[in-house]
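Coordinate inspection notes
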Amino acid sequence: ARIDFAVRNLSGGPVLAPPVIGATMLLLSHELHVVARVCEMVAVMYGGRVVEFGAAARVFRRPVHPYTRALLRAAPGHEPRRMILKPIPGMPPVLRGPSQGCAFAPRCDLAAPICTTSRPPARMVDGRRVLCHFAEESLALSERVEEAVP
């Protein structure tokens, strides 16, 4: 709880300077507006896997993975005026072991039968690494819908 409080306070203060001595900082947080301000690269995780990895500015402005898109629509703090936050439907996965398909499939608005039977391979889409059978379709939705950018 103490770390969450400190991370939340970063959003109102000065942006952390990038490392000048070749050091790296790893920030784990659900505070998306802080991640967007502080990080150059972002890895979005779901069900124990990195489902989208790329430059923070790109990931937050045009999310490719359906979970990233849903996460941004559900994140409070910097939503446009009159925008109603959309909670992600369903329940998070129970991680008892490797899943046969995509862990996000039961909650995904693009899920098809392949999503429940085959784990999506990692591939490059729009300059980032994504694990989704329908990454291009999801990206098209991101381009057409105004997203809540932290």
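Right above here is the structure, for reference.
Here the residue index of a chain counts from 1 through its sequence in written order. In keeping with the predicted nature of the model, local features appear solely for residues at pLDDT of at least 70, side-chain atom pairs appear and are counted solely at 80 or more, and the whole-chain, interface and lining totals rest on all residues. Side-chain measures here rest on the full set of heavy atoms in the structure, leaving out hydrogens and waters.

1. Re the sheet that holds strand β1 (residues 41-46)
Two strands qualify as a pair provided DSSP detects at least 2 bridges between them. For the purposes of this entry, the term helix denotes a DSSP run of H or I that reaches at least four residues, the term strand denotes a run of E that reaches at least two, and both are numbered from the N terminus. Pairing in this open sheet of four strands is antiparallel, and the strands run β1-β2-β4-β3 from one edge to the other. With one partner strand each, in any of the chains shown, β1 and β3 (122-125) form the two edges of the open sheet. The sheet shows a mean angle of 30 degrees between the axes of neighbouring strands, taken without regard to direction. Pairing of strand β2 (residues 49-55) with strand β4 (residues 128-131) involves two bridges; the strand directions are antiparallel. Bridged to phenylalanine 53 within β4 is arginine 129. A contact between two residues is defined here by any heavy atoms of the two lying within 4.5 Å. To get an axis, fit a line to the C-alpha atoms, keeping to the stretch in contact for a helix; angles then go from 0 to 180 degrees between the N-to-C directions. Sheet contacts for helix α4 (residues 66-74): β1 and β2; angle to β1, the most-contacted strand, approximately 100 degrees.

2. Observations regarding the side chain of threonine 68
Mapped onto the elements of the fold, threonine 68 is located in helix α4. Contact partners of threonine 68, with chain neighbours within four places excluded, come to Val44, Glu52, Val59 and Pro63.

3. Here we look at α4
Burial analysis of α4 places eight of its nine residues in the buried class, the great majority of the element. Taken residue by residue, α4 has Pro66, Tyr67, Thr68, Arg69, Ala70, Leu71, Leu72 and Arg73 as its buried positions. Partly exposed residues are those whose accessible area sits between 20% and 50% of the maximum for their type, while under 20% is buried and over 50% is exposed, using a 1.4 Å probe and protein chains only.

4. Quick notes on the pattern of salt bridges
Every case where a carboxyl oxygen of Asp or Glu lies within 4 Å of a side-chain nitrogen of Lys or Arg is listed as a salt bridge. Taken as a whole and judged by the stated rule, the model has six salt bridges. Taken together, the shared-partner salt bridges in this structure form one network comprising Glu52, Arg58, Arg62, Asp126 and Arg128.

5. Description of the packing of aromatic side chains
For Phe, Tyr and Trp, rings pair up if their centres lie within 6.5 Å, where Trp contributes its six-membered ring, and each pair is then called stacked (planes under 30 degrees apart), edge-to-face (over 60) or tilted (otherwise). Under the definition given, this model contains three aromatic pairs. With a centroid separation of 4.6 Å and 50 degrees between ring planes, the pair formed by tyrosine 46 and tyrosine 67 is classed as tilted. Of this pair, tyrosine 46 sits in strand β1 while tyrosine 67 is found in helix α4, placing the two residues 21 residues apart along the sequence. Centroid distance tyrosine 67 to phenylalanine 104: 5.4 Å. Interplanar angle 70 degrees. Geometry classified as edge-to-face. Residue tyrosine 67 is found in helix α4, and its partner phenylalanine 104 is found in the loop between α4 and α5 (113-117); the two are separated by 37 residues along the sequence. In this pair, the class of tyrosine 67 matches that of phenylalanine 104, namely buried. Taken together, the ring pairs in this structure connect Tyr46, Tyr67 and Phe104 into an aromatic cluster.

6. Digging into the environment of alanine 74
Looking at where alanine 74 falls in the secondary structure, it is placed in helix α4. Taking the C-alpha atoms as reference points, alanine 74 and isoleucine 88, 14 residues apart in sequence, are found 6.8 Å from one another. Setting aside its immediate chain neighbours within four residues, alanine 74 contacts Leu85, Lys86, Pro87 and Ile88.

7. Description of the pairing of β2
Every regular strand shows the same layout, with side chains that alternate between the two sheet faces. Summarising the sheet, β1 and β2 pair through six bridges and their orientation is antiparallel. Looking at the pairing, tyrosine 46 lines up with arginine 49 of β2. Turn length for the β1-β2 hairpin, with the two strands adjacent in sequence and antiparallel, is two residues, and the turn residue glycine 47 shows positive phi of about 60 degrees.

8. Observations regarding the nonpolar core
Working definition of a nonpolar core: buried Ala, Val, Leu, Ile, Met, Phe, Trp, Tyr and Cys residues. They are joined through side-chain atoms within 4.5 Å. Core analysis: the largest hydrophobic core is formed by 24 residues, its most contacted members being Phe60, Tyr67 and Phe104. Contributing elements (two or more residues each) for this core: α2 (32-38), β1, α3 (56-61) and α4. If we ignore the near neighbours within four places in the chain, the residues touching phenylalanine 104 are Tyr46, His65, Pro66, Tyr67, Ala70 and Ile88. By size, the runner-up hydrophobic cluster in this structure holds six residues, among which are Val64, Val125, Ala135 and Leu139.

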